[in-house]
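Structural overview for review
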Number of protein chains: 4
Amino acid sequence: MGIEERKEREKEQRRQQIINAAERVFAAKGFSGATIENIAEEAELSPATLYLYFKNKDELYASLNLKMLKVLVEKIEDVRNRKNLSPAKKIRALENALYDVYEHDPMNVINVLRFQSSEELKNLSPELANQIKDDARKYLRAIAGIFEDGVQIGSFLDRHPVAFADIVWGLFAGLVLWEHTKKGFDPRKDFLRPTLGFAIEIISRGIKKNGRLNIDN
Amino acid sequence: MGIEERKEREKEQRRQQIINAAERVFAAKGFSGATIENIAEEAELSPATLYLYFKNKDELYASLNLKMLKVLVEKIEDVRNRKNLSPAKKIRALENALYDVYEHDPMNVINVLRFQSSEELKNLSPELANQIKDDARKYLRAIAGIFEDGVQIGSFLDRHPVAFADIVWGLFAGLVLWEHTKKGFDPRKDFLRPTLGFAIEIISRGIKKNGRLNIDN
Amino acid sequence: MGIEERKEREKEQRRQQIINAAERVFAAKGFSGATIENIAEEAELSPATLYLYFKNKDELYASLNLKMLKVLVEKIEDVRNRKNLSPAKKIRALENALYDVYEHDPMNVINVLRFQSSEELKNLSPELANQIKDDARKYLRAIAGIFEDGVQIGSFLDRHPVAFADIVWGLFAGLVLWEHTKKGFDPRKDFLRPTLGFAIEIISRGIKKNGRLNIDN
Amino acid sequence: MGIEERKEREKEQRRQQIINAAERVFAAKGFSGATIENIAEEAELSPATLYLYFKNKDELYASLNLKMLKVLVEKIEDVRNRKNLSPAKKIRALENALYDVYEHDPMNVINVLRFQSSEELKNLSPELANQIKDDARKYLRAIAGIFEDGVQIGSFLDRHPVAFADIVWGLFAGLVLWEHTKKGFDPRKDFLRPTLGFAIEIISRGIKKNGRLNIDN
DNA sequence: GATGAATGAGTATTCATTCAT
DNA sequence: AATGAATGAATACTCATTCAT
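Residues numbered from 1 in each chain as written. Chains lettered and ligands numbered in written order. Predicted model: local features only at pLDDT ≥ 70, side-chain atom pairs only at ≥ 80, totals over all residues. Heavy atoms only, no water.

Okay, the pattern of salt bridges next. Scanning all chains against the criterion turns up 51 salt bridges over all chains. For Asp 135 of chain A, the salt bridge goes to Lys 70 of chain A, with nearest N and O atoms at 3.4 Å. In this pair, Asp 135 of chain A is assigned in helix 7 (residues 126–152) and Lys 70 of chain A in helix 4 (residues 57–81), connecting sequence segments 65 residues apart. Linking Glu 10 of chain D and Arg 6 of chain D is a salt bridge whose minimum nitrogen-to-oxygen distance equals 3.2 Å. With Glu 10 of chain D and Arg 6 of chain D both in helix 1 (residues 2–33) and four residues apart, the pair spans about one turn of that helix. Residue Glu 10 of chain D is classed as partly exposed on the basis of its relative accessible area, which comes to 40%. Overall, the relative accessible area of 38% leaves Arg 6 of chain D in the partly exposed class. (Salt bridge = Lys/Arg side-chain N within 4 Å of Asp/Glu carboxyl O. Helix = DSSP H or I, 4+ residues; strand = E, 2+ residues; numbered from the N terminus. Buried < 20%, exposed > 50% of the residue type's maximum accessible area, 1.4 Å probe, protein only.)

A separate point is the environment of Gly 170 of chain C. Structurally, Gly 170 of chain C is set in helix 8 (residues 161–185). Non-local contacts of Gly 170 of chain C, meaning those with residues more than four positions away in its chain, are made with Gly 170, Gly 174, Leu 175 and Trp 178 of chain D. (Contact = heavy atoms within 4.5 Å.)

Our focus in this paragraph is the protein's contact with DNA strand F. Contacts to DNA strand F come from 28 residues, most closely from Arg 14, Thr 49 and Tyr 53 of chain A together with Thr 49 and Tyr 53 of chain D. Lys 57 of chain C is positioned with one of its backbone polar atoms (N or O) 3.2 Å from a phosphate oxygen of DNA strand F. Take Tyr 53 of chain D: an N or O atom from its side chain is 2.7 Å from a phosphate oxygen of DNA strand F. The set of elements that each furnish at least two residues to the surface near DNA strand F consists of helix 3 (47–53) of chain A, helix 3 (47–53) of chain B, helix 3 (47–53) of chain C together with helix 3 (47–53) of chain D. In the surface near DNA strand F, the residues fall into 16 nonpolar, eight polar and four charged. (Near = heavy atom within 4 Å. Polar contact = N/O pair within 3.5 Å; in protein donor to acceptor, adjacent residues only side chain to side chain. Nonpolar A, V, L, I, M, F, W, Y, C, P; charged D, E, K, R; others polar.)

Below, the discussion takes up the domain arrangement of chain A. Residues and elements named next belong to chain A. Assigned domains of chain A: these are domain 1 (1–54) and domain 2 (55–206). Taking the mean C-alpha position of each, domain 1 and domain 2 sit 26 Å from one another. Every contact between the two is made by 19 residues of domain 1 and, on the other side, 15 residues of domain 2. Buried surface at the junction of domain 1 and domain 2, summed over both partners, amounts to about 1400 Å²; 67% is from carbon and sulfur atoms. If you sort the residues of domain 1 by the area they bury against domain 2, Glu 23, Phe 31 and Phe 54 come out on top, with a joint share of 45%. At the boundary of domain 1 and domain 2, one finds one salt bridge. The residue Lys 67 makes a salt bridge to Glu 23 at a minimum N-O spacing of 3.3 Å. At the junction of domain 1 with domain 2, the criterion picks out four residue pairs in polar contact (both at pLDDT 80 or more). Going through the elements one at a time, helix 1 (2–33), helix 2 (36–43) and helix 3 are the ones with two or more residues in the side of domain 1 that touches domain 2. Of the residues that constitute the side of domain 1 that touches domain 2, the class distribution is 13 nonpolar, four polar and two charged. (Domains from an automatic or database assignment. Buried area = accessible area lost by both parts, 1.4 Å probe.)

Rendered as structure tokens:
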């Protein structure tokens, strides 16, 4: 039994070894630019071995997605569950959660965002595609959940929480891609943090239903 | 001289013919999916001919970008120059300008956004890359300009107008990509319009420096 | 007009150049053993060029088939149309026709026979598959035609001519493959000619309806 | 000694288990279509295990040949040894023997015939190649033997019996492949039986040295 | 100016086979 | 004896790009 466990663990380690290599290579070269051979080399394995762990290039790529999405959902839900925070403070915490994920692996966030909005999802195995769809719904719901309380207690504008979630997520994705573009022009600067912070500040103010325009952070 | 002019005009027409074909094909198949042959076929020309007008596939693609960016900049500057509008109303008009561009050719907006934030810019000729950078700066400045007045007369939060512009542009880009992703899950629905509207509403409220939280649209 | 004709001719020549190379390579290595690169090399062209003239490996192979089948059908129909020959003599002439085709390019006859009876036909484009089916029916009918007269005038056994045709064709195919097997064991000897001759002699005798067992060759 | 014997027996059983699986898989997918993994799966063993019993894929395939050839030789020799049958009747019995083998496993007869006449024999180990050659000679001799008596007692045409054997075997092989081709065109029909019957009838008549053309079946 | 024809360079994927355990 | 895991080597096919005409 111990042996089986160890084997299982080793197998999982190999998967991670490949995923990590893939992360580095995809981040550096993008989806089309990265070749299976590149990734295999980075993982110090043969290309054929990769196919023992992933059905094809698409699924390997998608599994990176999945990994990031899972982390993201977890972080967002953590924020939501911090019972002692006011809705407004949770939004600030949400900002941090989003930024944390970005900071941890900026290139992959960028890749993942690009992948999600692409036609390339079509080649995935149904299971994997569904898992990604599910996780995408999950983080939408998680963000929406954060706004829900504020709406319910009447301190936020009276709109569907998913609309808030769409905006926050869209804002995050857009700023990440946009700042990345600008960084392409001048790679030394990274303004995402302050820009995201300002954006969330604006939103925090903008969604207040009543009261004066004094920010509460 | 008349002859040269005519030739010049004809040459420009051919360029447009190719760009239009490329727009349709890229929109339908994405960058990697579209082949030069596809585009040539759509343009009713031979593949070799395309290379008389564009140095390579990347530059052809980039020129679509440029075309859209020019339209965009123009529209935004139009908004800015409407002297009789209050800053707050200009922001609402900006929302319409952005949406107009999207509505006119959604797939290309999506492609262009994706292209801009990608590594693929690296293959461009320096001139073209610079032109794109310039135009990107231009529309950033244009958006910023709209906020500038509001900041100066003290009705908007006291931040650098480019920060506002980043946020608006990032929001637009993010929502386009994000809604497109969701449409991938359920292609019948297009929530971009109302979501974008709500987002601009929030921002309009959020950036007001003083005064009560009554929207001014 | 002359130019177009020349181009057409040149194009046809390229096709032949490829087909000839393919014939040599397939003959030497069989279908699975031969690679597109081998054939391209033999044709002194690049692999990519082959794909300008043939959709894929299967179709290239199939077109060799087609070429041989056409020659075969022609020869058999020639025999049938020799109005001054008695049915019995036509069968002898048929034997020669079959052997001629084999002698001209034994390896390809062998390959073609093997291909026809294989699953690999399934990958063909419908048009090509149909053309092959049609030609196969044609040579069956052609052989059958030779027997038909003898059956009608009552000098051959009273069976459906297609049955005779099946037997002659099966015999030919079987002996070709079988002798080839034996040659594999001892490549210097080629007994096909006498064995085929004896077989046709037996059949000629065996299908006579009445009369003594004196052969009529 | 008893233990060794048992081990030997078990080993032989494993071999059979693999051969049986291989038969099913090769029959269903052909030689190139079948993978070692397919066969291993069917045999409920791991691919690596197959290599304990067979040197490589070719040898495994060849051993199917061998199995079928052994059955065939046995059946033919049984026919030859039925002392109470006239030569002519033996030929009819030979027809049944051939058809029996085909009927028992048509796809494998087809595969084996194709294999035998191919270049693929070249990869075999010398021992196996020799065994196949030997068995091929054996069934040729066996068939020849059936004709030999008829030749000796002067009732058949005065030719070398191997020539008769070649013809019968070639006819069988050719009809099997040819009918299989036609079945490819219309998979519901199987004319092998009647066609083979008619062919043997013709041969029976055709090889009679003297006497009238009355069939003796 | 336009293009038909040719190709170099690239790449995902497969599979028979090996070998440490 | 059995096998899970690993891989070397192979190969059909694609496509952006070039260039003689």
